[in-house]
Every structure is written in C-alpha cells, then in structure tokens.
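Listed below are the residues making up each chain.
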Amino acid sequence: MNFPIVATVISMVLGLSVTRLLTGFVTIFRIRRTSRIDWVPLAWSGVLFIMQLQYWWAINQLSTLRQTFQFSEFIFLVFMTLMLFLTAALLLPSRGEDEAQGLRVYFEQDGRFALISLTAFLLFGFVVNLFGFQSQLESAWVVTDIPMIILPALAFFLRERKYYAAITAIYLPLSALDVWISMAS
C-alpha cells in the first residue's frame, strides 16, 4: 500500500478526533455558567491535543522511512488512530446535557474511560517503536513512554479524586518532557 493512501486515511480519522476534542472544549465553554468546570479532564484533553498533533506529525514523517506498507501495518496504524479518536470522544462531553452535574462528575462517570483508550494508543506506539522502527530500549524516549503508558491506566483504576488528580498533575510535566525529547530527536 502506498504511503499517500495510508496518510490520507489516518489523517481523515485523526481530523475527526481533533474535531471531537475541540467540540468538547466548545461544549464546556457554552455551559460554563451552569456547570462547574474541573481542571483534571481539561488537563488530560490538553495532553491529548498535543499527542494528536505529535502523532499527525509522525505519520507525515513516515514517508521518509518508507513509501510502502503492508496491509497489517496499515491496520495497526489505523487502530492506533482509532484509539486517539475514542479517547477524544470519551474525554469531554459533546452535549450540555452530558455535563449537567459538572465536568468532574462527567469525568468520573464517563470521561475517565478515555484513559484506557489513551493507554492502548501509547502501548501500541511503544510496540511500533520497538518492533516497527527497531528503537533501542536504552533510548531516551523509553524514560517517558513507560510511565506515560502506566499512569493513565492507574488514574482510571484509582477512582479516588486525590489519586487521579495527583497522577494528572504528574502527567503534565512528563508529557512536556516527552514533547521535548521527541523534538530533540
């Protein structure tokens, strides 16, 4: 399969993912007077937005590595992209009615499930780096990727606010470090 086909399909789904996340931001803005805003899902959505952009950039850089892909590789990349879409679709409400009790309640009831699909995306990305690109486990990216995979799942399973909020606070500088490492390489 030629790279332009791979990039086009992935870009279409990724564009929907970014649109879905931005729609969630608009929903939160519209209901800001009637529903309480919570920093935790907003922090995760900021992290997700940066990941979406990084992934889009990485996909467009794939052509420098190779021009053709096996169908199985294409499916794997599409599946990763679908995980980003699912994360965006779950993380923030898309209708004001979804957030009638506030963003914190929405996140605790529904939005936190986005952290599982985010973990899946990051885990698949780790596999692609190791086996698809033969990256070394001693590389700098491993320092951030392993905690970045584990922490969202941990935040999902630890339902108590003080724990998932602390994990979110730790995740923000970790993801900034990951961006810095990816820009340096």
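Look up a bit, the structure's there.
In this report, we go over the structure that sits alongside the text. Since this is a predicted model, take the numbers as computed values, not measurements. (Residues numbered from 1 in each chain as written. Predicted model: local features only at pLDDT ≥ 70, side-chain atom pairs only at ≥ 80, totals over all residues. Heavy atoms only, no water.)

### Thoughts on the overall build of the protein chain
Each helix and strand in the protein chain was counted, giving 7 helices and 0 strands. In sequence order, the secondary structure elements of the protein chain are arranged as α-α-α-α-α-α-α. Against the compact-globule benchmark of 16 Å for 185 residues, the protein chain has a radius of gyration of 17 Å, which places it among compact chains. With the C-alpha coordinates of the protein chain rotated into their principal frame, the extents come out at 50 × 35 × 25 Å. (Helix = DSSP H or I, 4+ residues; strand = E, 2+ residues; numbered from the N terminus. Rg over C-alpha atoms; globule rule 2.2 N^0.38 Å.)

### Regarding the pattern of salt bridges
When their charged atoms lie close together, side chains carrying opposite charge are able to pair. Inspection of every chain in the model, using the stated rule, returns 3 salt bridges. The salt bridge involving Glu 108 is made with Arg 104; its shortest N-O contact spans 3.2 Å. Of this pair, Glu 108 and Arg 104 are both found in helix α4 (residues 103-109), 4 residues apart, which corresponds to roughly one turn of the helix. A relative accessible area of 29% means that Glu 108 is categorised as partly exposed. The class of Arg 104 is partly exposed, set by a relative accessible area of 38%. (Salt bridge = Lys/Arg side-chain N within 4 Å of Asp/Glu carboxyl O. Buried < 20%, exposed > 50% of the residue type's maximum accessible area, 1.4 Å probe, protein only.)

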